[in-house]
Amino acid sequence: MKGTILVVDDSAMMRKIVLRTLKTAGVELDTVLEAGDGVEALTLLRANTVQLIMCDINMPNMSGIELLLKIKEEKLAVGVPIVMVTTEGSEPQVRQAILAGARGYIRKPFTVEHIENNVKPLLVA
Amino acid sequence: MSESMFAVKSYGAQEFLSAENGVRADEAVAEVFSMMLGYEILPVDEAAANGCEANERTAIVGFSGSMRGTCEIRMTTLAACSVASAMLGGTPVAEGDDSIDDAIGELCNMLAGGWKNRIHTLSSDCALSPPTVISGGDYKVHVRQPSMKLARVYRFDVHTLHLTLHRQDLAT
């Protein structure tokens, strides 16, 4: 699939797992960008156009929710699906992420099926 | 700021020590190992498990909010290599690889989250700290008193995983 994906997570291991699971689920974009926190992600988004963002919430320097708000404020990813991938999954947290601009929410641990059900439809739409 | 903003319902000692909590821990461990590592993992008798070993790794994640405490996992470096390798889809991982600490830190994070998300009062009112990883076995984790713990031991493949949940009294 043509396009660029941005994976934001402070764990390099988790970024690899997310990318591997996306690939297994048939969601493979030809360019991959990785960021270890919200600040790095913002820098990458200011210089690149992406088609999908997979983002953790609990990160140093700038959390996933703060990143979503900055993306919205700076209009850095208009219409781009942003999916939160996080251990935190309570209803208020999901609501907060959706209000800040997330289109999907996947709780860790996750399976290929979770990615298929929550990410694939966003790319087709 | 209003006073009500600080009114967090504490997760009680009785609830923490209930039998259900052991079951929740077992479920969280089984779920994470099955979904992220492809391993079957089973609880074993603590007395039958190996004791502390010199060459080991420990990951700790803190709880704050309606419960203050920690989630601690401990395993040998060899077991941690297996965890990292399984997380990478079977790619071999050598003992000195940086990804080992990252892997068991993430594992601890998912186990802590998986356990607390099974408890309604903790799911939304208890936050997790970033994981800390310790290499080596010659250390002691000090938790401020009064505290209580729930310890479980599991077996996966040929390895042992020690899980300890500490709950600290909010009033201290």
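Details of the structure are given in the entry above.
In short, a report on the structure. Per chain, residues are indexed from 1 in the order of the written sequence. Going through the entries in the order they are written, you letter the chains from A and number the ligands from 1. Only residues with pLDDT of at least 70 get local features here, since the model is predicted, and only at 80 or more are side-chain atom pairs given and counted; chain-wide, interface and lining totals rely on the full set of residues.

## Observations concerning the interface of chain B and chain A
Item 1. Counting residues at the interface gives 20 residues for chain B, matched by 19 residues for chain A.
Item 2. A run of H or I in DSSP counts as a helix once it spans at least four residues, and a run of E counts as a strand once it spans at least two, with each numbered from the N terminus. Those elements giving two or more residues to the side of chain B that touches chain A turn out to be α2 (19-37), α4 (99-116) and α5 (120-125) of chain B.
Item 3. Element by element, the count of residues in the side of chain B that touches chain A is highest for α4(B), at eight residues.
Item 4. Following the grouping adopted for this structure description, the nonpolar residues are Ala, Val, Leu, Ile, Met, Phe, Trp, Tyr, Cys and Pro, the charged ones are Asp, Glu, Lys and Arg, and the polar ones are all others, Gly among them. Classifying every residue of the side of chain B that touches chain A gives nine nonpolar, eight polar and three charged. A pair of residues counts as a contact when their C-beta atoms, built from backbone coordinates, are separated by no more than 7 Å.

## With respect to the sheet that holds strand β3 (residues 52-55) of chain A
Residue and element names in this part refer to chain A.
Item 1. Pairing between strands requires that DSSP locate at least two bridges from one strand to the other. In space, the five strands of this open sheet follow the order β2-β1-β3-β4-β5, with parallel pairing throughout. Strand pairing shows two members of the sheet lacking a second neighbour, β2 (31-35) and β5 (104-107), which therefore form its edges. Looking at each pair of strands side by side, their axes are set apart by 20° on average, direction ignored.
Item 2. Note that strand β1 (residues 4-8) and β3 share four bridges and pair parallel. Helix axes use the C-alpha atoms of the stretch in contact, all axes being lines fitted to C-alpha atoms, and the angles between their N-to-C directions lie in the range 0 to 180 degrees.

## Here we look at the environment of B:D45
Item 1. Examined against the element boundaries, B:D45 turns out to sit in the loop between β1 (41-44) and β2 (56-65).
Item 2. In this structure, the C-alpha to C-alpha distance between B:D45 and B:Y154, residues 109 residues apart in sequence, is 8.2 Å.

## Brief notes about the environment of A:V83
Item 1. Tracing the backbone shows A:V83 in strand β4 (residues 82-86).
Item 2. A sequence separation of 36 residues divides A:V83 from A:V119, and the C-alpha atoms of the two residues are 7.3 Å apart.

## Considering the pairing of β4(A)
Residue and element names in this part refer to chain A.
Item 1. Any residue surrounded by 20 or more other C-beta atoms within 10 Å of its C-beta is treated as buried, while 12 or fewer makes it exposed and the intermediate range makes it partly exposed; C-beta atoms here are placed from the backbone. β4 sits mainly inside the fold: five of its five residues count as buried.
Item 2. Side chains I82, M84 and T86 project from β4 onto one buried face, and the interleaved V83 and V85 project onto a second face that is buried too.
Item 3. As paired strands, β4 and β5 are joined by four bridges and run parallel to one another. By the bridge assignment for β5, M84 is matched with Y105.
Item 4. By convention a crossover is right-handed if, when the strands point away from the viewer, the path from the first strand over the helix to the second runs clockwise. The β-α-β motif built from β4, the intervening helix α4 (residues 91-100) and the parallel element β5 has right-handed crossover chirality.

## Considering the nonpolar core
Residue and element names in this part refer to chain B.
Item 1. In these notes, a nonpolar core means any group of buried Ala, Val, Leu, Ile, Met, Phe, Trp, Tyr and Cys residues linked to one another through C-beta atoms within 7 Å. Formed by 74 residues in total, the largest nonpolar core has its most connected members in V83, L107, C108 and L111.
Item 2. Among the elements that line this core, the one with the most residues is α4, at nine residues.
Item 3. When near neighbours in sequence (up to four residues on either side) are disregarded, V83 contacts L37, A103, I104 and L107.

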